[in-house]
Amino acid sequence: MKVAVVGAGYAGMYAANRLAKKVRTAEITVINPRPDFVERVRLHQWLAGTADAATPLTSMLRAGITSRTATVDKIGDGVVRLDDGTSLDFDYAFLAVGSTARPMPGTIPVGTWEGAEQARVALAALPADSTVTVIGGGATGIETAAEVAEARPDLRVRIVGPSVAGDFSHRPHQRVRTGLERLKVDIVDDGVTEVTDGTVHLRSGAAFASDLTLWAIVSGVPDLAARSGLTVDAEGRAVVDECLRSVDDERIFAVGDCAAVPGARFACALAAPQAAHAVNTLARLLAGREPTPYAVRYVARAVTLGRKNAVGQFTRRDDTLRRAYVTGRTAVVVKELASRGGKFGARTGTGA
Ligand SMILES: Cc1cc2nc3c(=O)[nH]c(=O)nc-3n(C[C@H](O)[C@H](O)[C@H](O)COP(=O)(O)OP(=O)(O)OC[C@H]3O[C@@H](n4cnc5c(N)ncnc54)[C@H](O)[C@@H]3O)c2cc1C
């Protein structure tokens, strides 16, 4: 049985390694544009110089799994076509191409490896007293602004978004903002209309100069599913059935950020459970058993505020917020364990 895994992020790696363990006869090929597994949840650290974010795929894949460094141009009819002109047949495929960023002109995206690398080089070249603007008041923006401010206290760091830390409620919201202010990050609750010649223009009509402007909003997904003729939602995510199979082709499972799972947001925390469920489904089908439906399940939302502080607020299964939250060292440890757990799951295909 030939299996193609398209994308070697959290979902793809988890799926490949779990499948190799559960279905030993599967011939698995993982296709990814880079020969590395990129820990996207550490890209803000990578650009600020506080952590590495790439690990060679060869050290992450179980024995017997083949990897190809290429981009898939099309998937369907039991074939994946690669950008190097070759193609691979498959009996089953896992579409796991993740999400992407659509940066405003004049900004550098932090949510992709290429963007984070560009930002890292630009940040390292900035002289003292320069201004860094981080656009995006969600988790990626908060973590990026805090990480840069802590690593480079010689810079002025500003975070801009219509409602910075608005994904938290009650006191955690305030704790995130206080944590940013302690790191001397200026918080600007406003939308950005455009960035021109190093000037950031706001919806309110205000404008300010910025030496480096980072786009810290993750949105949209690679257009592979749409380009391949699979049914997609408004964001371009592949529409799946309750067992995470494409509604157009039962041989293709879609998992992680690129799957249109009702109630799912872009989250590393969902990538492994979805990959686990899809692999379990395939194993059940091969054994002649009925598959079971997948259900989204959240636990918490959390952001790091540099290396010494963090805030985490617990959620119900459906992602609505509970009142309980943790801060400070406890939250740092919990968040770090979650990040390490994501990589461990990707390497072993266990733990989801
Ligand atoms: C700075 C930052 C911090 C974050 N923090 C958190 C957090 O704390 N908690 C949380 O839950 N989530 C967090 N996220 C979100 C999380 O990183 C994503 O939800 C997660 O990476 C999704 O996993 P995935 O496997 O679906 O996709 P990805 O990890 O994006 O992997 C997709 C892979 O597919 C490859 N690919 C793309 N197109 C193709 C193609 N055509 N052919 C072959 N390969 C292709 C990509 O190169 C990539 O390797 C954060 C994101 C960022 C940027």
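What counts as what
Residues numbered from 1 in each chain as written. Predicted model: local features only at pLDDT ≥ 70, side-chain atom pairs only at ≥ 80, totals over all residues. Heavy atoms only, no water. Axes fitted to C-alpha atoms, helices over the stretch in contact; angles between N-to-C directions. Helix = DSSP H or I, 4+ residues; strand = E, 2+ residues; numbered from the N terminus. Parallel < 35°, antiparallel > 145°, perpendicular 65-115°, else oblique. Left-handed = near helix turned anticlockwise from the far one by under 90°. Contact = heavy atoms within 4.5 Å. Nonpolar A, V, L, I, M, F, W, Y, C, P; charged D, E, K, R; others polar. Near = heavy atom within 4 Å. Polar contact = N/O pair within 3.5 Å; in protein donor to acceptor, adjacent residues only side chain to side chain. Areas by Shrake-Rupley, 256 points an atom, 1.4 Å probe, with all protein chains shown as cover. Domains from an automatic or database assignment. Disulfide = S-S within 2.5 Å. Phe/Tyr/Trp six-rings, centres within 6.5 Å; stacked < 30°, edge-to-face > 60°. Buried < 20%, exposed > 50% of the residue type's maximum accessible area, 1.4 Å probe, protein only. Pairing = 2+ DSSP bridges. Right-handed = clockwise from strand over helix to strand, strands pointing away. Buried area = accessible area lost by both parts, 1.4 Å probe. Salt bridge = Lys/Arg side-chain N within 4 Å of Asp/Glu carboxyl O.

Q: Help me get a handle on the packing of helix H1 (residues 10-22) against helix H7 (residues 268-286), residues and values and all.
A: Closest axis-to-axis distance for the H1/H7 pair is 8 Å, and the angle between their directions is 30 degrees. Relative to H7, the element H1 is oriented roughly parallel. Regarding H1 and H7, the two cross each other, and that crossing is right-handed. Residue-level contacts link Tyr10, Ala11, Tyr14, Ala15, Arg18, Leu19 and Lys22 of H1 to Cys268, Ala271, Ala272, Ala275, Ala276, Val279, Asn280, Leu282 and Ala283 of H7. Residue composition of the contact of H1 with H7, by class: 13 nonpolar, one polar and two charged.

Q: Can you explain the site of the ligand? Please cite residues and give values.
A: Surveying the vicinity of the ligand reveals 29 residues, the closest of which are Ala11, Asn32, Val72, Asp257 and Cys268. Measuring from an oxygen atom of the ligand, one finds a backbone N or O atom of Ala11 at 2.8 Å. Protein contact buries 87% of the 1000 Å² of open area that the ligand shows by itself. Broken down by secondary-structure element, the contributors of at least two residues to the shell around the ligand are H1, strand E2 (27-32), helix H4 (139-151) and H7. With three residues, the single largest contributor to the shell around the ligand is H7. Each of domain 1 (2-99 + 220-296) and domain 2 (101-218) contributes no fewer than three residues to the shell around the ligand.

Q: So what about the state of the cysteines? Which residues, and what values?
A: Under the defined criterion, the tally for this structure stands at zero disulfides. The closest cysteine sulfur to the non-disulfide-bonded Cys243 is located on Cys258, 17 Å from its own sulfur. Not part of a disulfide, Cys258 finds its nearest cysteine sulfur in Cys268, a span of 14 Å.

Q: Any chance you could break down the environment of Thr133 for me, citing the residues and the numbers?
A: Examined against the element boundaries, Thr133 turns out to sit in strand E11 (residues 131-135). With 19 residues separating them in the primary sequence, Thr133 and Glu114 have C-alpha atoms 19 Å apart.

Q: I'd like to hear about the packing of aromatic side chains, residue by residue, with values.
A: How two aromatic rings sit relative to each other is given by the distance of their centres and the angle of their planes. Counting across every chain of the model gives three aromatic pairs. Plain terms: the ring middles of Tyr10 and Phe37 are 5.2 Å apart, the flat faces sit at 85 degrees to each other, and that makes the pair edge-to-face. Within this pair, whereas Tyr10 is found in helix H1, its partner Phe37 is found in strand E3 (residues 36-38), the two being separated by 27 residues in sequence. Judged by centre distance (5.2 Å) and plane angle (15 degrees), the ring pair of Phe94 and Phe253 falls under stacked. Remark: Phe253 occurs in strand E19 (residues 252-254) and Phe94 occurs in strand E9 (residues 92-95); sequence separation between them is 159 residues.

Q: Explain the pairing of strand E1 (residues 2-6) to me, using residue names and the numbers behind them.
A: Extensive coverage of E1 is indicated by the burial of four of its five residues. Two elements, E1 and E2, share five bridges in a ladder whose sense is parallel. Note on E2: the bridge partner recorded for Val6 is Ile31. In this fold, the crossover linking E1 to E2 by way of H1 has right-handed handedness. Sheet topology places E1 next to E9; four bridges connect them, and they run parallel. Bridge pairing in E9 links Val3 to Tyr92.

Q: Describe the domain arrangement of the protein, with residues and values.
A: Buried accessible area, meaning the area lost when the parts come together, often serves as the stated size of an interface. For the protein, the assigned domains read domain 1 (2-99 + 220-296) and domain 2 (101-218). Just the C-alpha atoms count here: the centres of domain 1 and domain 2 sit 31 Å apart. Taken together, the contact between domain 1 and domain 2 spans 16 residues of the former and 18 residues of the latter. For the pair domain 1 and domain 2, the two sides together bury roughly 1500 Å², of which 67% comes from carbon and sulfur. Summed over the three residues of domain 1 that lose the most area to domain 2, namely His44, Trp46 and Leu47, the buried surface amounts to 45% of that side. For the pair domain 1 and domain 2, the interface holds zero salt bridges. Seen at the junction of domain 1 and domain 2, the total is three residue pairs in polar contact (both at pLDDT 80 or more). Here the side of domain 1 that touches domain 2 gets six residues from one element, more than from any other, and that element is helix H2 (residues 43-48). When the residues that make up the side of domain 1 that touches domain 2 are grouped by side-chain class, the tally is nine nonpolar, five polar and two charged.

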